[in-house]
Amino acid sequence: MSQALDRSAPPASTSQAAVDVKLPGWKAQQVKKAAQSLLKYVGEQKEKANSLFDEEEVFYMQIALKKMPLQPRKDKPVPLPLPHPLYSTEGQDICLFVKDTPDGQGGKDAKKKLAKLEKNGGVAKVIGTSKLRTKYESHEAKRKLCKSYDLFLADDRILPSLPKLIGKSFFKKKKQPIPIDLRKANWAAEIKRACANTYLFKSSGTSINIKVARSSFSPEQVLDNVQAALCAASQHIPKKWAAIQGVFLKTADSVALPLFQTLPDQPQKIES
């Protein structure tokens, strides 16, 4: 599972994008304080549990919107580049879902192509849609599969059919498969690009959760990633920064630490 990764080479485009986006009222120092508090909390929890496992906690940026967005929910996520990637083709166990035929040939073809790449392009497991329908039919099998890998990728052509095939566990654990274009010749580049981003899943509700860091990060790395992800995510929200009520930082089980909050909009008076 997760190992310590080299996150020292930020994508150049990320920093430039963050500079170009204005976030009135945003204070970077508040993010750093929250990151320090959350890192301390995770460390204390591990000590209390006497954990011998070096399992990293994922940090989430939670965005609260002032109003429910007037846009349909989309299962295809929006990629958000990060200065310090959460994943690596060498540091995580990656599972790839591919388009298949009833005889399983699609999965076999994908394995042959990956076998020609160095270390299989970072992919530890390939599962075709036919096998998802049979071997992983039960809820328990789906739940076990969800726990077995750090990151799930999928041929973008099968994305609409995946929710029924993989079940609710993936969505509860926020491990929705990330689409990649397997029609392109350079699969290694597609996999690497997918690992370099975090993702915004558009929701029909007023709360958005985005993975932004790990408990192995420094407070400065958490700050860099939060600001980059927020700048990029705000551009995909109707009315952008003006639509955001608050921004918080949390783990899956911790309280949400406030990074930014603003007063709700005053109701408009309707003239009779």
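For the structure itself, look to the data block above.
Computed from a predicted structure; not experimentally measured.

Reading the values: rules and limits
Residues numbered from 1 in each chain as written. Predicted model: local features only at pLDDT ≥ 70, side-chain atom pairs only at ≥ 80, totals over all residues. Heavy atoms only, no water. Helix = DSSP H or I, 4+ residues; strand = E, 2+ residues; numbered from the N terminus. Buried < 20%, exposed > 50% of the residue type's maximum accessible area, 1.4 Å probe, protein only. Contact = heavy atoms within 4.5 Å. Areas by Shrake-Rupley, 256 points an atom, 1.4 Å probe, with all protein chains shown as cover. Pairing = 2+ DSSP bridges. Axes fitted to C-alpha atoms, helices over the stretch in contact; angles between N-to-C directions. Patch = residues over 30% accessible without salt bridge, like charges linked within 9 Å, V, L, I, M, F, W, Y side chains within 5 Å. Salt bridge = Lys/Arg side-chain N within 4 Å of Asp/Glu carboxyl O. Lys, Arg positive; Asp, Glu negative; His and termini not counted. Charge placed at Lys NZ, Arg CZ, Asp CG, Glu CD. Phe/Tyr/Trp six-rings, centres within 6.5 Å; stacked < 30°, edge-to-face > 60°.

Right, let's get into the overall build of the protein. Per the secondary structure count, the protein includes nine helices and 10 strands. Looking at the protein as a whole, 46% of its 272 residues are labelled buried. When contacts within the protein are restricted to residue pairs at least 6 apart in sequence, long-range pairs at least 24 apart make up 79% of them. Accessible surface, the protein as shown: approximately 15,200 Å² in total, 53% of it carbon and sulfur.

Attention now goes to the pairing of strand β5 (residues 151–155). With respect to burial, β5 is a largely interior element, five of its five residues being buried. Of the two faces of β5, both are covered, the one formed by Leu-151, Leu-153 and Asp-155 as well as the one formed by Phe-152 and Ala-154. With four bridges joining them, strand β3 (residues 94–98) and β5 adopt parallel strand pairing. Bridge assignment links Leu-96 to a residue of β5, and that residue is Leu-153. By the bridge criterion, three bridges tie β5 to strand β6 (residues 178–180) in an arrangement that is parallel. Looking at β6, one finds that Leu-153 is bridged to Ile-178.

Taken together, the four strands give an open sheet; going across it, the order is β4-β3-β5-β6, and neighbouring strands pair in parallel fashion. Looking at the sheet topology across the chains shown, the edges are occupied by β4 (123–128) and β6. Between one strand axis and the next, the sheet turns through 30° on average, direction left out of account. Along the sheet, helix α8 (residues 187–195) makes contact with β3, β4, β5 and β6, crossing β6 at roughly 150°.

A few words now on the sheet that holds strand β1 (residues 58–65). Read from one edge to the other, the open sheet built from four strands follows the order β8-β1-β9-β10, with strand pairing classed as antiparallel. Each having just a single partner strand, β8 (207–214) and β10 (257–261) make up the two edges of the open sheet. Mean inter-strand twist for the sheet, computed between neighbouring axes without regard to direction, equals 20°. Bridge count between β1 and strand β9 (residues 244–250): six bridges; the pairing is antiparallel. Residue pairing for β9: Ala-64 is matched across the bridge by Gly-246. Strands in contact with helix α2 (residues 28–49) are β1, β8, β9 and β10; relative to β10, the strand with the most contacts, it is inclined by about 165°. Across the face of the sheet, helix α9 (residues 219–234) comes into contact with β1, β8, β9 and β10 while running at roughly 35° to β1.

On the surface, a cluster of positive charge is contributed by Lys-108, Lys-111, Lys-112, Lys-131 and Lys-135. When residues in the positive patch are grouped by element, the largest group, three residues, is from helix α3 (residues 105–115). Mapped onto the secondary structure, Lys-131 falls in helix α4 (residues 129–134). For Lys-131, a relative accessible area of 35% translates into the label partly exposed.

Taken as a whole, this structure holds six aromatic pairs when the rule is applied. With 5.9 Å between their ring centres and 80° between their planes, Tyr-149 and Phe-152 make a pair best called edge-to-face. Classification of Tyr-149 by relative accessible area gives buried; the value is 16%. Counting every residue linked through ring pairs, the aromatic cluster contains Phe-97, Tyr-149, Phe-152 and Phe-170.

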